[in-house]
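Observations on chain architecture
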Amino acid sequence: MVDVVIGLQWGDEGKGKIIDLLAKNYDIIARFQGGPNAGHTIYYDGKKIIFHHIPSGILHPHTKCVIGNGVVVDPYTLVEEIKELEKMGIKVEGRLFISTKSHVILERHKEEDKREGERIGTTKKGVGPCYADKFKRVGIRMQDFIKEKGEINKFLKKFVIDTVDFINDELDKGKKVLAEGAQGTLLDIDHGTYPFVTSSNTIAGGVCCGLGISPHRVGEIIGVMKAYLSRVGKGPLFTQMPEDIEEYVREKGAEYGATTGRPRRIGWFDAYLARYALKINKPDKIVITKFDVLTGLRTLKICIDYNKDPMIDEDAEPRYIEVKGWSYLQQTKNFGDLPEELKNYVKKIEEEIGQKIWMISIGKERDKVIFL
Ligand code: IMP
Ligand code: MG
């Protein structure tokens, strides 16, 4: 089966950390959409590593990693990433497989994105223009790119295979695959806050097209959210916090774009949009991250509803409930030991989204998670 990890908000939910945590249970970790616009941050051996293309599972020696057909690849960034990992002593060759059908981001895509991406606040990595060429049917695919005579073409050739065959064959043998989503549901090209979205299907449904697997093969869906909201780039953030609180959360949560370094805007948890994301993805399990970042706030707001549909009217006004915050947070593995206010905040979120939470994260390291 292919289990899927996806973001339920505007990206940066902490998917990288969750994948890193779950990877030990899987044989293959696969990216199915997006490209170098993604930035998955992982803390490994006390070092901070940011992945743009390569699935974060590469840090587990037994896993193989796939960059699926739905991904757009910047060859130069990818080679840098490979070399960086090799420098750290991590073996990449024979473990990383790039789809023959993945599309290649060219210089002109990056130039176009730099010229025209400001309107959306893109990452300017050429992702949108590359997908546009794919749909215009004038794109360059990896299988053609590696035929060209060039050092980089030759270097990448050894990683490029038919990943559709590979994944399906491995599944036939009973191997387990984890699909690693990038960005989040509210940035989905169809279901996000269009036009302020990315250019791919970030929802769980995207995995079938992006890897070439049947919907019959999708197993568990794991949805990740943060205990609050963040957004980088343009577009509505209906529950944006007052500036002083926003700044507190941004600094404490290191809420700066992993790819661009831009400060992220911060909002209160939005149960209405969470319900929307749950409807589209139907996750079996929900993870909520970064509770530690909210420590010290006297009052927390949760948006439970709007006066009109925010996906249609940008001036829709959120309706909030308020709960008490917590002033300290000790490390524990036991939900029962957490401050009452935190437990109450979790309970309120569960009530408002209508689903139980599976796991929460209370710190950036791999082991700082609690199962509920
Ligand atoms: P693009 O994906 O570079 O075209 O950017 C489109 C929008 O998606 C912009 O608002 C970006 O900031 C946002 N975006 C793209 N990738 C990510 C991500 O990995 N995390 C958060 N936001 C992202
Ligand atoms: Mg990110």
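Only a predicted model underlies this, so the values are computations on that prediction, with no experimental measurement involved.

Reading the values: the criteria
- Residues numbered from 1 in each chain as written.
- Chains lettered and ligands numbered in written order.
- Predicted model: local features only at pLDDT ≥ 70, side-chain atom pairs only at ≥ 80, totals over all residues.
- Heavy atoms only, no water.
- Near = heavy atom within 4 Å.
- Polar contact = N/O pair within 3.5 Å; in protein donor to acceptor, adjacent residues only side chain to side chain.
- Areas by Shrake-Rupley, 256 points an atom, 1.4 Å probe, with all protein chains shown as cover.
- Nonpolar A, V, L, I, M, F, W, Y, C, P; charged D, E, K, R; others polar.
- Donors = N, O, S within 2.8 Å, 3.2 Å for Na, K, Ca; no water.
- Helix = DSSP H or I, 4+ residues; strand = E, 2+ residues; numbered from the N terminus.
- Buried < 20%, exposed > 50% of the residue type's maximum accessible area, 1.4 Å probe, protein only.
- Expected span 1.5 Å × (residues − 1).
- Arc of directions from axis to C-beta.
- Pairing = 2+ DSSP bridges.

With that settled, consider the site of ligand 1. Residues in close proximity to ligand 1 total 16 residues, the closest being Asn37, Thr123, Thr198, Val232 and Arg262. One of the side-chain nitrogen or oxygen atoms of threonine 198 is found 2.6 Å away from an oxygen atom of ligand 1. Here ligand 1 has 470 Å² of accessible area as a free molecule, and 97% of this is covered by the chains. Taken together, the residues of the shell around ligand 1 break down into 6 nonpolar, 8 polar and 2 charged.

We now examine the coordination of the magnesium ion (ligand 2). Donor atoms from the polypeptide that coordinate the magnesium ion (ligand 2) comprise Asp12 (OD) and Gly39 (O), at 2.1 to 2.5 Å from the metal. Of the two residues, aspartate 12 is situated in the loop between strand S1 (2–7) and helix H1 (15–22) and glycine 39 in the loop between strand S2 (28–31) and strand S3 (40–44); the sequence distance between them amounts to 27 residues. Given a relative accessible area of 24%, aspartate 12 falls into the partly exposed group. Accessibility expressed as a relative area gives 12% for glycine 39, which makes it buried.

Along its 14 residues, helix H11 (residues 340–353) runs 20 Å from first to last C-alpha, staying within 8% of the 20 Å computed at 1.5 Å per residue. For H11, the complete set of buried residues consists of Leu342, Lys343, Tyr345, Val346, Ile349, Glu350 and Ile353. Looking down the long axis of H11, one finds its buried residues gathered within 160 degrees of arc, a one-sided arrangement. Opposite the buried face of H11, by more than 90 degrees, sit the exposed residues Glu340 and Glu351. Backbone geometry just downstream of H11 places glycine 354 in the positive-phi region, at approximately 75 degrees.

So, about the pairing of strand S16 (residues 299–306). Pairing of strand S14 (residues 269–270) with S16 involves 2 bridges; the strand directions are parallel. For phenylalanine 269, the partnering residue across the bridge sits in S16 and is isoleucine 302. Bridge count between S16 and strand S17 (residues 318–324): 7 bridges; the pairing is antiparallel. The partner of aspartate 305 across the bridge, within S17, is arginine 319.

This next bit is on unusual backbone geometry. Each neighbour pair has its own omega, and for tyrosine 194 with proline 195 the value is 5 degrees, a cis peptide bond. Residue position: proline 195 is located in the loop between strand S10 (177–180) and helix H8 (206–211). Here alanine 254, not a glycine, exhibits a phi torsion of approximately 50 degrees, which is positive. Looking at where alanine 254 falls in the secondary structure, it is placed in the loop between helix H9 (243–252) and strand S13 (265–267). Note on alanine 254: relative accessible area 48%, which makes it partly exposed. The phi torsion at lysine 282 lies on the positive side, around 45 degrees, for a residue other than glycine.

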